[in-house]
Amino acid sequence: MTRLTATTFLAVAALSVAPATAADQCAPRADMIKALGEKFRENPTALGVVNPNVIVEVFVSDQGTWTILASDTRGQSCVVSVGEGWESAVTTAALPGT
């Protein structure tokens, strides 16, 4: 819970103050991915296109921690949100007659 509290506080603070502070939650995408993997054992799970210049990615660990990054075409990524208790939805297709 400490990670969630500390990171959430930093993310909220970064979004609510001057742009220079917001840069503290941003880094080159390769560095962010490396840090998420090494520090939290989070791996890419999903992504979506926001617009032609930005994608959003979700990184999740086996322990259920998660991070959402927004990455631009210049290779810069920023933390959008973090949390704990991630659960992936499992969809099972039913066969006809079952």
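The residue numbering used here restarts from 1 in each chain and proceeds along that chain's sequence as written. In view of the model being predicted, local features appear only for residues whose pLDDT reaches at least 70, and side-chain atom pairs are presented and counted only at 80 or more, with totals across whole chains, interfaces and linings using the full set of residues. Excluding hydrogens and water, the side-chain values take into account all heavy atoms of the structure.

(A) Structural view of the overall build of the chain. Only DSSP runs of H or I reaching four residues or more are called helices, and only runs of E reaching two or more are called strands; each is numbered from the N terminus. Each helix and strand counted, the chain has three helices and five strands in total. Exposure is judged per residue with a 1.4 Å probe applied to protein chains only, and the accessible area is read against the type maximum: over 50% gives exposed, under 20% gives buried, and values in between give partly exposed. Residues counted as buried form 27% of the 98 residues belonging to the chain. When checking whether two residues touch, look at their non-hydrogen atoms; a contact exists if any pair is within 4.5 Å. When contacts within the chain are restricted to residue pairs at least 6 apart in sequence, long-range pairs at least 24 apart make up 33% of them. Accessible surface is estimated by sampling points in the Shrake-Rupley manner with a 1.4 Å probe; for residues, cover comes only from the protein chains shown. As presented, the chain carries roughly 6600 Å² of accessible surface, and 62% of it is formed by carbon and sulfur atoms.

(B) Geometry of the state of the cysteines. Cysteine sulfur pairs qualify as disulfides if the two atoms are within 2.5 Å. By the definition in use, this model includes one disulfide. The disulfide that involves Cys26 links it to Cys78, with 1.9 Å between the sulfurs. Judged by the sign of its S-S torsion, about 110 degrees, the cystine formed by Cys26 and Cys78 is right-handed. One end of the pair, Cys26, is in strand β1 (residues 26-28); the other, Cys78, is in strand β5 (residues 76-83), and 52 residues separate them in sequence. On the basis of relative accessibility, which here comes to 25%, the residue Cys78 falls in the partly exposed class.

(C) Looking closely at helix α3 (residues 29-40). Here the expected length of a helix is defined as 1.5 Å per residue gap, with one fewer gap than residues. Between the first and last C-alpha of α3 there are 16 Å, a value that for twelve residues agrees with the 16 Å anticipated at 1.5 Å per step. Immediately downstream of α3, the backbone of Arg41 shows phi near 60 degrees, a positive value.

(D) View of the confidence of the model for the chain. Of all residues in the chain, 74% attain a pLDDT of 70 or more, and the chain-wide mean is 79. Between residues 4-23, whose pLDDT stays under 50, and residues either more than four places distant or in other chains, the model counts eleven contacts. For every residue, the predictor states its confidence as a pLDDT score lying anywhere from 0 to 100.

(E) Structural view of the environment of Ala27. Position of Ala27 relative to the elements: it lies in strand β1. On the accessibility criterion, Ala27 (19% relative accessible area) is buried. Discounting residues that sit within four places of it in the chain, Ala27 has contacts with Met32, Gly75, Gln76 and Ser77.

(F) The arrangement of the sheet that holds strand β3 (residues 54-60) in detail. One open sheet holds the five strands; their spatial order is β1-β5-β4-β3-β2, and the pairing between them is antiparallel. On the outer flanks of this sheet lie β1 and β2 (43-51), each paired with one strand and no other. Put simply, the sheet's adjacent strands are angled 30 degrees from each other on average, direction ignored. Two strands qualify as a pair provided that DSSP identifies no fewer than 2 bridges between them. Across three bridges, the pairing between β1 and β5 is antiparallel. Here an angle of 0 to 180 degrees is reported between the N-to-C directions of two axes, which are lines fitted to C-alpha atoms, with helices fitted over the stretch in contact.

(G) Fine view of unusual backbone geometry. Here the phi dihedral of Arg41 falls at roughly 60 degrees; this positive angle occurs in a residue that is not glycine. Along the chain, Arg41 turns up in the loop between α3 and β2. For Arg41, a relative accessible area of 55% translates into the label exposed.

(H) The arrangement of the nonpolar core in detail. Among the nonpolar cores identified, the biggest contains seven residues, and these are Ala27, Met32, Leu36, Phe59, Leu69, Val79 and Val82. Counting only elements with at least two residues in this core, the list comes to α3 and β5. Definition used in this section: a nonpolar core is a set of buried Ala, Val, Leu, Ile, Met, Phe, Trp, Tyr and Cys residues joined via side-chain atoms within 4.5 Å.

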